[in-house]
Amino acid sequence: MSRLAINKRIASIPPSVTLGVTSKAKAMIAAGETVYSFAAGEPDFDTPEHIKVAAVQALTDGQTKYAPVTGLPALRSVISNKLKAENGLDYAPEQVVVSCGAKHSLFNIIMALCDEGEEVIVPTPYWLSYTEMIRVSGASPVLVRAKQENDFKMTPEEFEAAITPNTKAIIFNSPSNPIGIVYTRSEIEKIVEVALRHGVYIIADEIYEKLLYDGAEHVSPGSLSAEAQEMVITVNGFSKAYSMTGWRLGYFAGPQKLVKAVTALQGHSTSSPTTFAQYGAVAALEGPQDCLKEMGIAFAERRNYIYNRVSAIDGVTCVKPGGAFYVLPDISSFGLDSVSFAEQLLAAEGVAVVPGAPFGVDSNVRLSYACSMENIEKGLDGLESFIKNL
Ligand SMILES: Cc1ncc(COP(=O)(O)O)c(C=O)c1O
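Rules used throughout
Residues numbered from 1 in each chain as written. Predicted model: local features only at pLDDT ≥ 70, side-chain atom pairs only at ≥ 80, totals over all residues. Heavy atoms only, no water. Core = buried A, V, L, I, M, F, W, Y, C linked by side-chain atoms within 4.5 Å. Buried < 20%, exposed > 50% of the residue type's maximum accessible area, 1.4 Å probe, protein only. Helix = DSSP H or I, 4+ residues; strand = E, 2+ residues; numbered from the N terminus. Domains from an automatic or database assignment. Contact = heavy atoms within 4.5 Å. Buried area = accessible area lost by both parts, 1.4 Å probe. Polar contact = N/O pair within 3.5 Å; in protein donor to acceptor, adjacent residues only side chain to side chain. Axes fitted to C-alpha atoms, helices over the stretch in contact; angles between N-to-C directions. Parallel < 35°, antiparallel > 145°, perpendicular 65-115°, else oblique. Nonpolar A, V, L, I, M, F, W, Y, C, P; charged D, E, K, R; others polar. 1 Å grid on protein atoms, 1.4 Å probe; cavity = no way out; pocket = protein on both sides within 12 Å on 5 of 7 lines; lining within 4 Å. Points joined across faces, edges and corners; volume = space filled by probe spheres on them. Pairing = 2+ DSSP bridges. Near = heavy atom within 4 Å. Areas by Shrake-Rupley, 256 points an atom, 1.4 Å probe, with all protein chains shown as cover. Sits in = over half its atoms within 2 Å of the grid points.

K.L.:
Can you help me understand the nonpolar core in this one?
P.N.:
For soluble globular proteins, nonpolar side chains are generally found buried alongside one another. Core analysis: the biggest nonpolar cluster contains 121 residues, and Phe 159, Ile 203, Phe 238, Tyr 242 and Leu 367 have the highest contact counts within it. Among the elements that line this core, the one with the most residues is helix H12 (residues 290–311), at 7 residues. Composition of this core by domain shows at least three residues from each of domain 1 (8–46 + 290–388) and domain 2 (49–286). Setting aside anything within four residues of it in sequence, one finds Phe 238 in contact with Leu 75, Ile 79, Ser 243, Met 244, Leu 249, Gly 250, Tyr 251, Ala 281, Ala 284 and Leu 285.

As structure tokens, this is what we get:
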């Protein structure tokens, strides 16, 4: 038996279930099986051409060396402009740090901000990486279970009731993964008011801000007032909006002291995000934005189709997503926990969904509609047939 002892905090981290289901489905496909996958949280579109051209040009021009730790000055500057023009946020370029994906930004923020004995509030259902990052930092996640009858939105009262003297921050994700809920301006105002009154930092994960339906408005919590902006750390990236998941580029903007701490941490871990990729990111923000509209139209069509079909299945209830690209139907009436449901569905019909358990809701499963209409249609045929035979 190996005597290798793994760091205790790291040893307790389970592997990512979403990545696990995705690779299981891919392995089945590689083995020649037909699989309809609703697992992956990445757009099926290619990165728009002008963004790829900019990165290729950077490579051709010899942009193959380390970049500054916090990102290329040109990229930090266009991010600062974007946050001002689109989000009403007033961050100087020096308050922006570019990292290897929004996931990496969140990891850096949580490591730099949170300490042993502190608590971070996580509205539940939540994106499964938040809780693991918090645990690695030594802090504890405090789950606030939002009610399905409230469309899975955390109320200000539920938030306030979870605050203790040890509360350091809340992670606020709108539009959200895994449900696609979008908080309204007045709901966000109330949540920010509670956070400010108690001195709780808001880590605002805005990675899905461009994926909104039915005219919904994206509101950045930090834009509500100067006081709010001081307590908000805004996280965003390129993966979901510009179909750049494999580029691994994300960023945050926040207080100078946090920027300094994250710069030190990143300087000793990844150094900088990939240099030539950052030129593509500059083109993404500076270039034409029609690609967002085209992808948005396709996602809206899929959202309507998948929501209508899933919610029409006998025994299934489903909150209508207002953003992102997920639905989270409640399958508890079939007497299976979410892992058994997902495993049996994959084995019986070759349909891959992600169990809700690691998102904090064992009564639900997550279907991503970041996949083709054909995949959605055939996959839903499989889901209906599986449920009929239960
Ligand atoms: C809620 C949420 N935040 C952040 C991320 C990370 O995005 P990336 O690291 O690709 O920028 C994801 C990806 O699935 C997500 O769902």
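K.L.:
Please explain the domain arrangement of the protein chain as it appears in this structure.
P.N.:
Many descriptions give the size of an interface as the accessible area lost when the pieces come together. Per the domain assignment, the segments making up the protein chain are domain 1 (8–46 + 290–388) and domain 2 (49–286). Just the C-alpha atoms count here: the centres of domain 1 and domain 2 sit 25 Å apart. Between domain 1 and domain 2, the buried area comes to about 3000 Å², and carbon and sulfur atoms account for 59% of it. Sorting the residues of domain 1 by area buried against domain 2 places Arg 9, Val 319 and Phe 359 first, and these three jointly supply 21% of that buried surface.

K.L.:
Just checking my understanding: could you explain the side chain of Ser 368 for this structure?
P.N.:
Secondary-structure assignment places Ser 368 in strand S12 (residues 365–368). Relative accessible area serves as the criterion here: at 1%, Ser 368 is assigned to the buried category. At a separation of 3.2 Å, a polar atom in the side chain of Ser 368 contacts the main-chain amide nitrogen of Ala 370. Not counting residues within four places of it along the chain, the set of residues in contact with Ser 368 comprises Phe 38, Ala 39, Ala 40, Gly 41, Phe 325 and Tyr 326.

K.L.:
How do you make sense of the packing of helix H13 (residues 338–349) against helix H14 (residues 373–388) when you look at a structure like this?
P.N.:
A pair of packed helices is captured by two measures, namely the crossing angle of their axes and the spacing between those axes. Close contact between H13 and H14 brings their axes to 10 Å; oriented N to C, the two are set at 110°. When the axes of H13 and H14 are compared, the pair comes out roughly perpendicular. Counting all contacts with H13, which are made through Phe 341, Gln 344, Leu 345, Ala 348 and Glu 349, the residues of H14 involved are Gly 382, Leu 383, Ser 385, Phe 386 and Ile 387. Here the residues of the contact of H13 with H14 are counted per class, giving 6 nonpolar, 3 polar and 1 charged.

K.L.:
Help me out: how do you make sense of the layout of surface pockets in this one?
P.N.:
Vacant regions in the atomic arrangement are exposed by a probe of water-molecule size rolled over the atoms. One number sums up the size of the largest pocket: a volume of about 550 Å³. Lining the largest pocket are 28 residues, with Leu 19, Gly 41, Lys 103, Trp 127 and Lys 240 sitting closest to its centre. Of all the elements in the fold, those that place two or more residues in the lining of the largest pocket are helix H2 (17–30), helix H5 (102–113) and helix H6 (129–137). Across the lining of the largest pocket, the residue classes tally to 11 nonpolar, 10 polar and 7 charged. Summarising the domain contributions, the lining of the largest pocket has at least three residues from each of domain 1 (8–46 + 290–388) and domain 2 (49–286). Lining the second largest pocket we find 16 residues, and of these Ile 13, Pro 14, Leu 128, Ser 129 and Glu 132 sit closest to its centre. Where the lining of the second largest pocket is concerned, the elements lending two or more residues are H2, H5 and H6. Residue contributions to the lining of the second largest pocket peak at 5 residues, all from H6. For the lining of the second largest pocket, a count of residues per class yields 11 nonpolar, 3 polar and 2 charged.

K.L.:
Please explain the environment of Gln 95 as it appears in this structure.
P.N.:
When you line up the elements, Gln 95 lands in the loop between helix H4 (73–87) and strand S2 (96–99). Residue classification places Gln 95 among the buried positions, given a relative accessible area of 17%. For the pair formed by Gln 95 and Ser 80, sequence separation is 15 residues and the distance between their alpha carbons is 8.3 Å. Once residues lying within four places of it in the same chain are set aside, the contact partners of Gln 95 are Arg 76, Asp 90, Phe 252, Ala 253, Gly 254, Pro 255, Gln 256 and Val 259. Engagement of the side chain of Gln 95 in a polar contact is seen with the backbone oxygen of Gly 254, the distance being 3.1 Å.

K.L.:
I tried to follow the sheet that holds strand S11 (residues 354–355) on my own but got confused; where do I start?
P.N.:
Strand pairs in the sheet, formed through backbone hydrogen bonds, run parallel or antiparallel to each other. Within the open sheet, the 3 strands sit side by side as S9-S12-S11. Their pairing is antiparallel. Here the strands that pair on one side only, and so sit at the sheet edges, are strand S9 (326–327) and S11. Alignment of S9 against S12, held across 2 bridges, turns out to be antiparallel. Paired with Tyr 326 across the strands is Ser 368, a residue of S12.

K.L.:
Can you walk me through the site of the ligand in this structure?
P.N.:
Inspection of the region around the ligand gives 13 residues, with Ala 102, Asp 205, Tyr 208, Ser 239 and Lys 240 positioned closest. Here an oxygen atom of the ligand sits 2.8 Å away from a polar atom, N or O, in the side chain of Arg 248. Considered on its own, the ligand offers 400 Å² of accessible surface; in the complex 92% of this is hidden by protein. A molecule is said to occupy a pocket when more than half its atoms come within 2 Å of that pocket's grid points, and by this definition the ligand occupies the largest pocket. Residue classes in the shell around the ligand are distributed as 5 nonpolar, 4 polar and 4 charged.

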